[in-house]
Amino acid sequence: MANQEMNKGLEFLRSRLEGARRLVVLTGAGISAESGVPTFRGKDGLWKQHRPMDLATPEAFQRDSRLVWEFYNWRRELLFPLKPNAAHEALVELEKRVPHFTLITQNIDGLHQVAGSGHVLELHGNIWWVRCTACGQTYEERTVPLPELPLCRLCDGLLRPNVVWFGEMLDSNVLGGAFEALETADVMLVIGTSGTVQPAASMGMAAKRAGAAVAEINLDPTPYTNIYDVGLAGKAGEIVPRLL
Ligand code: OAD
């Protein structure tokens, strides 16, 4: 992206942020890329090497729980040592500067909370939480790796990762909170998401229709780059701190 274009976009966004009372941020895998988390659809993306239907659906878990847990144990091991990056940290700072801040994430890595973000709506759950398929209890479980088939500490039922799989409903409270924030947002930042998975993909447009200035920060163009008010092309870890 040309320097001049970037500066113009940043200037516009900073001026909007200055007067903003309600800021909403939507993040995807791209914000964690510079921490070392693989994205899903890039060149080396997770879904280029694995078929989501074999590993991230309730049917897959029913068919072969061991294989699904092997995949999630591998991901937990990979994520375990990783730290938030400058983009996660800049969002913590932005949160302090506006009266109302909502962070909506599709990420299950928990890095926003590690960075210190307070109000995070996790659309797709959290890989560090488990849910019992028998008693329904959910709890945080950071042991790495877990046994091949981990069991509930309360009832010995089979645990599953507390994430949302393809074909499953999103938590209605989380979703309700997200859309409520989108409807009243003054500014929205859409960071590091390819805009291919619903309902997150349409959230930027929902905020725009409701009157927010919407900006995208992404390494590559997405279907929304030219529709939003501003498109900033580059790495989240470099661009988000420049908003401060
Ligand atoms: P994707 O892998 O689809 O997209 C990642 C986006 O981040 C791409 O548009 C990249 O261009 C961009 N990107 C990569 N590195 C970046 C960087 N350093 N700075 C800024 N942008 C960067 O990931 P998501 O859009 O998050 O769902 O995927 C959405 C959902 O699809 C995930 O939550 C997951 C997946 O299937 C479930 O598992 C239910």
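The present account deals with the structure reproduced in this document. The structure displayed is predicted, hence computed values, not measured ones.

A few points about the layout of surface pockets
- When its volume is computed, the largest pocket comes out at roughly 980 Å³.
- Of all elements in the fold, only helix 2 (30-33), helix 3 (46-49), helix 6 (65-79) and strand 8 (213-218) reach the threshold of two or more residues within the lining of the largest pocket.
- Among the elements that line the lining of the largest pocket, the one with the most residues is helix 6, at 4 residues.
- Split by residue class, the lining of the largest pocket holds 23 nonpolar, 16 polar and 7 charged.
- The calculated volume of the second largest pocket comes to roughly 260 Å³.
- Along its surface, the second largest pocket is lined by 14 residues, and Glu 122, Gly 125, Asn 126, Asn 162 and Asp 171 are the ones closest to its centre.
- The set of elements that each furnish at least two residues to the lining of the second largest pocket consists of strand 4 (125-132) and strand 6 (159-163).
- A per-element tally of the lining of the second largest pocket places strand 4 first, with 4 residues.
- Taken together, the residues of the lining of the second largest pocket break down into 6 nonpolar, 3 polar and 5 charged.

Re the state of the cysteines
- Per the stated rule, a full pass over the model turns up 0 disulfides.
- Not engaged in a disulfide, the cysteine Cys 132 finds its nearest cysteine sulfur in Cys 155; these two sulfurs lie 3.5 Å apart.
- The exposure class of Cys 132 is buried, given its relative accessible area of 4%.
- The cysteine Cys 135 is free of any disulfide, with Cys 132 supplying the nearest cysteine sulfur at 3.7 Å.

Section: helix 9 (residues 172-183)
- Over its 12 residues, helix 9 extends 16 Å from the first C-alpha to the last, a length consistent with the 16 Å expected when each residue adds 1.5 Å.
- The set of residues buried in helix 9 consists of Val 174, Ala 178, Ala 181 and Leu 182. The arc that holds every buried residue of helix 9, seen down its axis, measures 100°, which confines them to one face. For helix 9, the exposed residues set more than 90 degrees away from the buried face come down to Ser 172, Asn 173, Glu 180 and Glu 183.
- Turning to helix 9, the residues buried within the fold contact strand 1 (22-27), strand 2 (100-105), strand 3 (120-122), strand 7 (187-191) and helix 10 (203-209).
- Its side-chain oxygen placed 2.8 Å from the backbone nitrogen of Asn 173, Asp 171 serves as the N-cap of helix 9.

Details of the environment of Phe 61
- For Phe 61, the location among the structural elements is in helix 5 (residues 58-63).
- Placed 20 residues apart in sequence, Phe 61 and Pro 81 show a C-alpha to C-alpha distance of 26 Å.
- Beyond its immediate sequence surroundings of up to four residues, Phe 61 is in contact with Val 68, Trp 69, Thr 133, Leu 158, Leu 159, Arg 160 and Trp 165.

Looking at the sheet that holds strand 2
- Read across the sheet, 6 strands follow the order 3-2-1-7-8-9 without closing on themselves; strand pairing throughout is parallel. Single-partner strands in this sheet number two, and they are strand 3 and strand 9 (230-233). Across the sheet, the mean angle from the axis of one strand to that of its neighbour is 15°, orientation sign disregarded.
- Here strand 1 runs beside strand 7; their pairing, made up of 5 bridges, is parallel. Bridge pairing in strand 7 links Leu 26 to Val 190.

What counts and what doesn't
- Residues numbered from 1 in each chain as written.
- Predicted model: local features only at pLDDT ≥ 70, side-chain atom pairs only at ≥ 80, totals over all residues.
- Heavy atoms only, no water.
- 1 Å grid on protein atoms, 1.4 Å probe; cavity = no way out; pocket = protein on both sides within 12 Å on 5 of 7 lines; lining within 4 Å.
- Points joined across faces, edges and corners; volume = space filled by probe spheres on them.
- Helix = DSSP H or I, 4+ residues; strand = E, 2+ residues; numbered from the N terminus.
- Nonpolar A, V, L, I, M, F, W, Y, C, P; charged D, E, K, R; others polar.
- Disulfide = S-S within 2.5 Å.
- Buried < 20%, exposed > 50% of the residue type's maximum accessible area, 1.4 Å probe, protein only.
- Expected span 1.5 Å × (residues − 1).
- Arc of directions from axis to C-beta.
- Contact = heavy atoms within 4.5 Å.
- Polar contact = N/O pair within 3.5 Å; in protein donor to acceptor, adjacent residues only side chain to side chain.
- Pairing = 2+ DSSP bridges.
- Axes fitted to C-alpha atoms, helices over the stretch in contact; angles between N-to-C directions.

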